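# Structural overview for review
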Amino acid sequence: MIILASIIHVVLALSLSPLLIGVINRVKAKFAGRRGRPLLQLYYDLWKLLHKGAVYSTTTTWVFRTGPLVGISAVLVAISLVPLGRVPALAAFDGDIILLAYVLGLMRFMTVLAALDTGSAFEGMGAGREVQFSLLAEPALLLGVGALSISTGDWSLSGIYGSLFADGLAAVAPTAVMVAASLLIILLAENSRIPVDDPNTHLELTMIHEVMVLDHGGVDLAFIQYAAALKLWVFCALFVGVALPLQMHWPLVDLAFGMAGVFIVAMVIGVIESTMARLRLLRVPQMLVVSAVLAMIAVLWALR
Amino acid sequence: MSILTDLLMMLLVLTNLRMLASSRVAVCIQNVAIQAVVLGAITFSLSAHAAIAAGVIVVAISTVAVKGLVLPWLLRRAMKGAGIGREIEPFVGYASSVLIGAVLLGLCFVIARPLRDTSHAGASMLIPVAMFTILTGLFIIISRRKALTQVLGYLTMENGVCVFGVSLAVEEPLLVEMGILLDVLVGVFVMGIVIHQINREFDHIDTDRLSVLKD
Amino acid sequence: MSPILLSAAVCFLLAGAVLCAMLSRAKAANAIGGIVAVVGAAVAIASAVHALQTGDETLQLPWSVPFGSFHISIDGLSAFFILAISAVCALGGVYGVSYLRHYKGKNLGASWFFFNLLFASMLMVVTAWNAVLFLAAWEVMSLSSFFLVTFEHERQEVRKAGWVYLISAHVGMACLLAMFILLGGQNQVMDFDQLALPPGVSAAAIFLLAVVGFGAKAGICPMHVWLPDAHPAAPSHVSAVMSGVMIKTGIYGILRTLTFLGSPASWPGWWGWTLLVAGAITGVVGILFALAQHDMKRVLAYSSIENVGVICLGLGLWMIGSAGGNTIIAALGLIGALLHVWNHAIFKSLMFLGAGAVVHATGTRNIEQLGGLLKPMKHTGVAFAIGSIAICGLPPFNGFVGEFLIYASAFGGIVGLGGSAPIACLLAIAALALIGGLAAVCFTRLFGIMFLGEPRSEVARHAHEAGVSMRVVLWILAGACVLVGLVGPLVAGVAALAAEDLLPSTGLDIGPSLGLLWRISGASAGLIVFAGAFWLLRRRLHAGRPIEKAGTWDCGYAEPTSRMQYTASSFSWPVIDMFRHVLRPTLTRQLPSGPFPGRAHLTSRTHDIFMRFFYVPLFAMAQRLGQSLRWVQHGRNQVYVLYIAVTLLALLLWKLGTEQ
């Protein structure tokens, strides 16, 4: 039963993650008083992109073409490692969080190299910022998980999430709150959302992720956008597991709660994007330092 | 310890970090006010185990009233009077301040480890959090230029002392607490006037530039 | 059997070295030097494999030196290091033959003499079972590598680098002498199997002397200052050997010394903390300075410091786990550290040799002048890319396997250890994560600026691919990166053999813990398979559709030039700025001004803060003190004889005084 839930989770993640982007955009549109694009817009985009040819810059080499392939492969491995709320991951083992973090690191590494391969100053700039911000996000993520692993005595993600709220809320609530806050900041930063980055504007100098993939088109761009949606799913699932203190012990019900949680998180992201302005770039590292400090507080509370 | 106290402690830590991170004086004043309210709530939540003594309620309410309402009002007036919106050039930058704060926090927990058992029943976080609040206040006094921000640092420190008092015994320090409260109130009054005067005299309230008066 | 094989290898290497020296400037010296290294390596590897299969063996011959005996032995740990040393030296030898060919008119025989001498002395260092023999080998190792570093001694910065190295090597040596005298002086024994902590000697003193003495070789911060000067100065194959394996003899030394100090379970907890904190600082400082450098070999040298930091983190976790009585955590930390020794030997020599190929092709080590090298140097570029991914510890290559074990040890420690140990483990996790993030900045920058984009100068535009033998070596190393990433558990099994004697309790099955690594291998294989599948998918989708070539989208600029690309400095500046309190970069600039601005320039330099703010003032002070004694030396030999006479007289009086 549990393994069935895990499989369903992966299938749903693969099929529904583009919808997540649709939900965010719809919430933003509602806030702005627009009708907004269709919920399924990203599916249409992907379909169209998959049927296009390609234009490659004469400057680029195989690195540019490998970037999207490695990105989507890495995020597929990641999605099989992430539990959704109480539903364990498809592949769960001690230390899977390390693999998860590093697989996403590989994705970033290749995306950055692909950006540098174009020789464009814009993409170089985006690449420089991407590596700068992620170097702060990574310790925060691992510290946060470390805090959870202190409170649960387990060090596989599925084990941690499975037993996090098993002994009642009181014992872990402070830790969980702090980790959730830290994870939310990491989620926004890693997925290039406002207030760190604006996914809508392609050409402004404040861009990070979108500017890195400026030169990709066609099938490659489809891979990149799909991978970005899946990455968002990975982080939403991680966040839901800490922020949603529900455990039903019926895998399919837990799965339903988890799914609902992911889409609620998407709506929350939409609200955040509608109500906040993008931070000045100099402020972004400070925000990430805050997320690391929050994770540290979680650790101190968990160590108590 | 109840989950409520735990979360309140966490809130106190977060307000301290916000204090270190923010450049706006208004935010810092608001912070000190929030800390006072949190402090009152902590006093309540700790005494919720036992029968609530009348003294506790008095202390809690007067803490909230004086430090949460009167003092912020006074300080805001001083701020407007001196015409300063933000601390421009602190000796230590804001990101570094937060990092130093994090290190201090860790340090407090390490120092407080042996003291845990002696504190109030179950409230193992009180001592480290109190120490951290005091150190934050000290750090603000050391690292900022404006006299007003330094007053805020002093108030933060005082809040930390209050948490210490709470952690040692809930009921006892009624008298002491009231005394301190009065001192602080008078102190801030005086400082408000002094700041106002300094500002009128010198057109700024940068304390490091007062060092020319040393002779 | 295996010690005899190893002695044979050493003798062969020495004989070959002497032959090279005699051939001197003859052309044959170059080829013979390489062949000697390869054959010597083959024999040494055979001895190590034999030792791993049959267990420890010892060879003891008398030696007329006081306290000395020619006593060598190969246990698991020695064999593990022999394998790394031999493999890297053999590949470095093959590469060196074609690398050195273009140094016409230099005394290549001398260079090969020192190369093979270095190789032989490293083999002796990791197998010597007598302190005198060990120290002799250690000194030969230091001196031969000094002469290799100063190969291009006509350049001033090379001479300076050599001096810094020589001094730091001897400061370390002094600590080691003191340590061995403390250990064996009372009982008058210097053989390792009889060395034990004598009563009345503090174990902590021995431990600290070992960390400082061996740390000076390994490059533990703040004793690391010689590395960033020495590695760029040396020829590339020498840098590869020095950085890939020679600095690891420091790690070996620390491990070997610890075996004299009783069972791991009896070590105090702060030893582990010391190594762990030293490792965290070394790692972060090393990689921070790496990403601020413009000289590619300096980047790699600093990155070696970082990797030594990672190894020390693993060792720290091992000791903390041992002190906490948890063998699994200890084993994971130690095996992770040992595995990282191998992995670093592989990818760092790959990177240095790749950098050597680039220097060979372009004549510059400044990455700001490079760019777009991937087109003319396809093979070197692919190998360098694999090395870059591996060195950042990213899957699916070998770097991740070692780092995963160290992480696993730390996470295991959070859950399984009590007291202050979880804090240490969290510190290790945070440090590793920060190092990983910084390494990603450093190596996307290094590879991206060197190999991607458009050439930034004429020399980069006219680069050419390296020779066949150089390419073969690069491919072998890159292949090793991929292979170890896929069969990590098997390699970890070898490391486990080496770690056996160093664990607090034996007989505990660490198989299941290492079994975690099969999951990693599975994920790595999955990554490769997925990427392949998507490649096929894209080919299918592209079939029959137009695939065009055009310029990079330049956001509307009419005349984009290669000079408008992002530079290495600008790529890493936000990070450097973020850590400016540590790095203290210096900027020299001339900003454009006026309506018709003239030339403008901006340079950033980041020098080593420990050199600037600690060693330079320290040695300046020493020099000032020395100055005040200069009156003693004024060149009249009569007075010198007087000094000798006075000294002898004083000694005589003192001796008589103590007799009574």
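As the structure is a prediction and not an experimental result, all values here were calculated from the model. (Residues numbered from 1 in each chain as written. Chains lettered and ligands numbered in written order. Predicted model: local features only at pLDDT ≥ 70, side-chain atom pairs only at ≥ 80, totals over all residues. Heavy atoms only, no water.)

Facing the 20 residues of chain B at the interface are 15 residues of chain A. Between chain B and chain A, roughly 1600 Å² of surface is buried when both sides are summed, and carbon and sulfur atoms account for 81% of that area. At the junction of chain B and chain A, the tally comes to one residue pair in polar contact (both at pLDDT 80 or more). Secondary structure elements with two or more residues in the side of chain B that touches chain A: helix 1 (3-21) and helix 4 (94-112) of chain B. Among the elements that line the side of chain B that touches chain A, the one with the most residues is helix 1 of chain B, at eight residues. (Contact = heavy atoms within 4.5 Å. Buried area = accessible area lost by both parts, 1.4 Å probe. Polar contact = N/O pair within 3.5 Å; in protein donor to acceptor, adjacent residues only side chain to side chain. Helix = DSSP H or I, 4+ residues; strand = E, 2+ residues; numbered from the N terminus.)

A few words now on the interface of chain A and chain C. Each partner contributes residues to the interface: chain A has 71 residues there, and chain C has 73 residues. Both sides of the chain A and chain C interface together cover about 6300 Å² of buried area, and 77% of this is carbon and sulfur. At the junction of chain A with chain C, the criterion picks out one salt bridge. Here arginine 538 of chain C ties to aspartate 220 of chain A by a salt bridge, and the two come within 2.6 Å at their closest N and O atoms. Only strand 1 (54-57), helix 3 (62-79), helix 4 (96-117), helix 5 (121-152), helix 9 (218-243) and helix 11 (283-303) of chain A provide two or more residues apiece to the side of chain A that touches chain C. Along the lines of polarity and charge, the residues of the side of chain A that touches chain C split into 44 nonpolar, 19 polar and eight charged. In terms of strand pairing, strand 1 of chain A meets strand 3 (residues 547-550) of chain C through four bridges, oriented parallel. Across the sheet, the residue bridging to valine 55 of chain A is glutamate 548 of chain C, located in strand 3 of chain C. (Salt bridge = Lys/Arg side-chain N within 4 Å of Asp/Glu carboxyl O. Nonpolar A, V, L, I, M, F, W, Y, C, P; charged D, E, K, R; others polar. Pairing = 2+ DSSP bridges.)

A separate point is the environment of serine 80 of chain A. Residues and elements named next belong to chain A. Looking at the secondary structure, you find serine 80 in the loop between helix 3 and helix 4. When its relative accessible area of 18% is taken as the criterion, serine 80 is described as buried. Once the C-alpha coordinates of serine 80 and alanine 91 are considered, the two residues, eleven residues apart in sequence, prove to be 5.8 Å apart. (Buried < 20%, exposed > 50% of the residue type's maximum accessible area, 1.4 Å probe, protein only.)

On to the environment of glutamine 35 of chain B, then. You can see glutamine 35 of chain B is positioned in helix 2 (residues 25-47). Glutamine 35 of chain B sits in the buried class, given a relative accessible area of 0%.

Below, the discussion takes up a nonpolar patch on the surface. Residues and elements named next belong to chain A. Where nonpolar side chains cluster on the molecular surface, the patch consists of Met1, Ile3, Leu4, Ile7, Val11, Leu90 and Leu252 and spans about 630 Å² of accessible area. The greatest single-element share of the nonpolar patch, amounting to four residues, is contributed by helix 1 (residues 2-32). In this fold, isoleucine 7 is placed in helix 1. (Patch = residues over 30% accessible without salt bridge, like charges linked within 9 Å, V, L, I, M, F, W, Y side chains within 5 Å. Areas by Shrake-Rupley, 256 points an atom, 1.4 Å probe, with all protein chains shown as cover.)

This part takes up the domain arrangement of chain C. Domain boundaries assigned for chain C yield domain 1 (1-158), domain 2 (173-222), domain 3 (269-505 + 512-534 + 565-582) and domain 4 (635-660). For domain 1 of chain C versus domain 4 of chain C, the separation of C-alpha centres amounts to 43 Å. (Domains from an automatic or database assignment.)

Residues and elements named next belong to chain A. Threonine 175 marks the point of greatest bend in helix 7 (residues 169-190), at about 30°. The buried fraction of helix 7 is high, at 16 of 22 residues. Residue serine 192 follows helix 7 closely and has a positive phi angle near 55°. (Bend = angle between axes of the 7 residues up to and from the residue.)

Residue and element names in this part refer to chain C. In this structure the tally under the stated criterion is 38 aromatic pairs over all chains. Their ring planes at 75° and their centres at 5.2 Å tell us that tryptophan 112 and phenylalanine 115 sit as a pair that is edge-to-face. Taken together, the positions of tryptophan 112 and phenylalanine 115, both in helix 4 (residues 108-127) and three residues apart, correspond to about one turn of that helix. Residue phenylalanine 115 is classed as buried on the basis of its relative accessible area, which comes to 2%. Relative to phenylalanine 451, the ring of phenylalanine 447 lies with its centre 5.2 Å away and its plane at 20°, an arrangement referred to as stacked. Placement of the pair is phenylalanine 447 and phenylalanine 451 together in helix 16 (residues 421-451), with a separation of four residues, close to one helical turn. (Phe/Tyr/Trp six-rings, centres within 6.5 Å; stacked < 30°, edge-to-face > 60°.)

Residue and element names in this part refer to chain C. Packing of helix 16 against helix 21 (residues 568-578) leaves a shortest axis separation of 10 Å and a crossing angle of 170°. Between helix 16 and helix 21, the angle is such that the two are roughly antiparallel. Where helix 16 approaches helix 21, its residues Leu438, Val441, Thr444, Arg445 and Ile449 are matched on the opposing element by Ala568, Phe571, Ser572 and Val575. Here the contact of helix 16 with helix 21 is composed, by residue class, of six nonpolar, two polar and one charged. (Axes fitted to C-alpha atoms, helices over the stretch in contact; angles between N-to-C directions. Parallel < 35°, antiparallel > 145°, perpendicular 65-115°, else oblique.)

Rolled over the atoms, a probe sized like a water molecule indicates the empty space that remains. Residue and element names in this part refer to chain C. In this structure, the second largest pocket occupies an estimated 1100 Å³ of space. His294, Glu368, Ser569, Leu602 and Thr603 are, among the 29 residues lining the second largest pocket, the residues nearest its centre. Of all the secondary-structure elements, those providing two or more residues to the lining of the second largest pocket are helix 21 and strand 5 (601-605). If you tally residues by element for the lining of the second largest pocket, the top one is strand 5, at five residues. When grouped by side-chain class, the residues that make up the lining of the second largest pocket number seven nonpolar, 14 polar and eight charged. (1 Å grid on protein atoms, 1.4 Å probe; cavity = no way out; pocket = protein on both sides within 12 Å on 5 of 7 lines; lining within 4 Å. Points joined across faces, edges and corners; volume = space filled by probe spheres on them.)

Moving on: unusual backbone geometry. All names here are of chain C. In this structure, the amide linkage connecting cysteine 221 to the following residue, proline 222, adopts the cis form with an omega of 5°. Note that proline 222 resides in the loop between helix 7 (203-218) and helix 8 (227-233). Residue proline 396 is reached from proline 395 by a cis peptide bond, and omega for that bond is 5°. Its identity as a non-glycine residue notwithstanding, phenylalanine 67 has a phi of 65°, on the positive side. Mapped onto the secondary structure, phenylalanine 67 falls in the loop between strand 1 (57-62) and strand 2 (69-74). By relative accessible area, which is 47% here, phenylalanine 67 ends up partly exposed.

Next up on the list: the nonpolar core. Trp318 and Phe443 of chain C are the most contacted members of the largest nonpolar core, which has 411 residues in total. Setting aside residues up to four positions removed in sequence, tryptophan 318 of chain C forms contacts with Leu255, Leu258, Trp267, Ala330, Gly333, Leu334, Leu502 and Leu503 of chain C. (Core = buried A, V, L, I, M, F, W, Y, C linked by side-chain atoms within 4.5 Å.)

Evaluation of the coordinates by the stated rule reveals zero disulfides over all chains. Among the cysteines around cysteine 425 of chain C, which has no disulfide bond, cysteine 312 of chain C carries the closest sulfur, lying 16 Å off. (Disulfide = S-S within 2.5 Å.)

This part is about the confidence of the model for chain B. When pLDDT is averaged along chain B, the result is 77; 72% of the residues meet or exceed 70. The element-level mean pLDDT for chain B is lowest in helix 7 (residues 174-202) of chain B, coming to 68, with helix 5 (residues 126-143) of chain B highest at 88. (pLDDT = per-residue confidence, 0-100.)

In this section: the packing of helix 14 (residues 378-391) of chain C against helix 16 of chain C. Describing two packed helices takes the angle between their axes plus the distance from one axis to the other. All names here are of chain C. In contact at an axis separation of 9 Å, helix 14 and helix 16 are set at 170° when each is read in the N-to-C sense. For the element pair helix 14 / helix 16, the angle class is roughly antiparallel. Contact with helix 14, carried on its side by Thr380, Gly381, Phe384, Ala385, Ser388 and Ile391, involves Phe443, Leu446, Phe447, Met450 and Phe451 of helix 16 and no other residues of that element. Residues of the contact of helix 14 with helix 16, tallied by class, amount to eight nonpolar, three polar and no charged.

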